[in-house]
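# Coordinate inspection notes
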Amino acid sequence: MKGRLLIVDDEPSLLKCFAAFLEAEDFEVQTACSAASAISALDSGEFDLVITDMAMETQTAGYDVVRAAQRQSYEPEVVIFTSLYIPETEWKKRGVKELFIKGKATLTTVSNAINRIFDERTRRRVLLPTGTI
């Protein structure tokens, strides 16, 4: 298993498809169909990466998920996958690693980005003992 993902979207068919694709990529996937259920999952589990839609209960519910992820001591990375246009400066200032627009980003593009984020996360967490090269 490469890592644990939480996928958040209010479209059940998208959740099912995305989860199946990422499970085939060797990720453990949990899904949530609302910001509220995602926040509960974040508080009760531990995830390496959260992929969230923006517009669910409200037009900005995804930012509630982002804030909840940032409060976790295990520090999951966050990616937004939405149909809304959000300026890059806006999502980057909130600590989001990537933003993908539904209908424009392919599953392969998203998968490549997720794998890159995991590789970067792994490199950051690997600490070499003092005095080694």
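Residues numbered from 1 in each chain as written. Predicted model: local features only at pLDDT ≥ 70, side-chain atom pairs only at ≥ 80, totals over all residues. Heavy atoms only, no water.

### Quick word on the pairing of strand S2 (residues 28–32)
Along a regular strand, successive side chains alternate from one face of the sheet to the other. The pairing of strand S1 (residues 4–8) with S2 spans five bridges and is parallel. Opposite Leu6, over in S2, you have Gln30 as the bridge partner. The parallel pair S1 and S2, bridged by helix H1 (residues 12–24), forms a crossover whose chirality is right-handed. (Pairing = 2+ DSSP bridges. Helix = DSSP H or I, 4+ residues; strand = E, 2+ residues; numbered from the N terminus. Right-handed = clockwise from strand over helix to strand, strands pointing away.)

### Regarding the sheet that holds S1
On the basis of which strands lie adjacent, the open sheet formed by five strands has the order S2-S1-S3-S4-S5 and parallel pairing. Each edge of the open sheet is held by one strand with a lone partner, namely S2 and strand S5 (98–101). If you compare each strand with its neighbour and ignore which way they point, the axes differ by 20° on average. Lying over the sheet, helix H2 (residues 35–44) contacts S1, S2 and strand S3 (49–52), oriented at roughly 160° with respect to S1. (Axes fitted to C-alpha atoms, helices over the stretch in contact; angles between N-to-C directions. Contact = heavy atoms within 4.5 Å.)

### Examining unusual backbone geometry
One non-glycine residue, Asp26, adopts positive backbone phi at about 80°. Looking at the secondary structure, you find Asp26 in the loop between H1 and S2. Residue classification places Asp26 among the partly exposed positions, given a relative accessible area of 42%. A positive phi angle, near 50°, is found at Glu75, a position not held by glycine. Along the polypeptide, Glu75 turns up in the loop between helix H3 (61–70) and strand S4 (77–82). (Buried < 20%, exposed > 50% of the residue type's maximum accessible area, 1.4 Å probe, protein only.)

### A short note on the environment of Lys92
Here Lys92 is to be found in helix H4 (residues 88–93). By relative accessible area, Lys92 is classed as partly exposed at 46%. Here the side chain of Lys92 touches Glu88 through a polar contact of 2.8 Å, side chain to side chain. (Polar contact = N/O pair within 3.5 Å; in protein donor to acceptor, adjacent residues only side chain to side chain.)

### Side note on H2
Turning to H2, its buried residues number three or more, namely Ala35, Ala38, Ala41 and Leu42. Projected down its long axis, H2 carries its buried residues within an arc of 120°, all on one side. With respect to the buried face of H2, the exposed residues turned more than 90 degrees away are Asp43 and Ser44. On its buried face, H2 is in contact with S1, S2, S3 and H3. (Arc of directions from axis to C-beta.)

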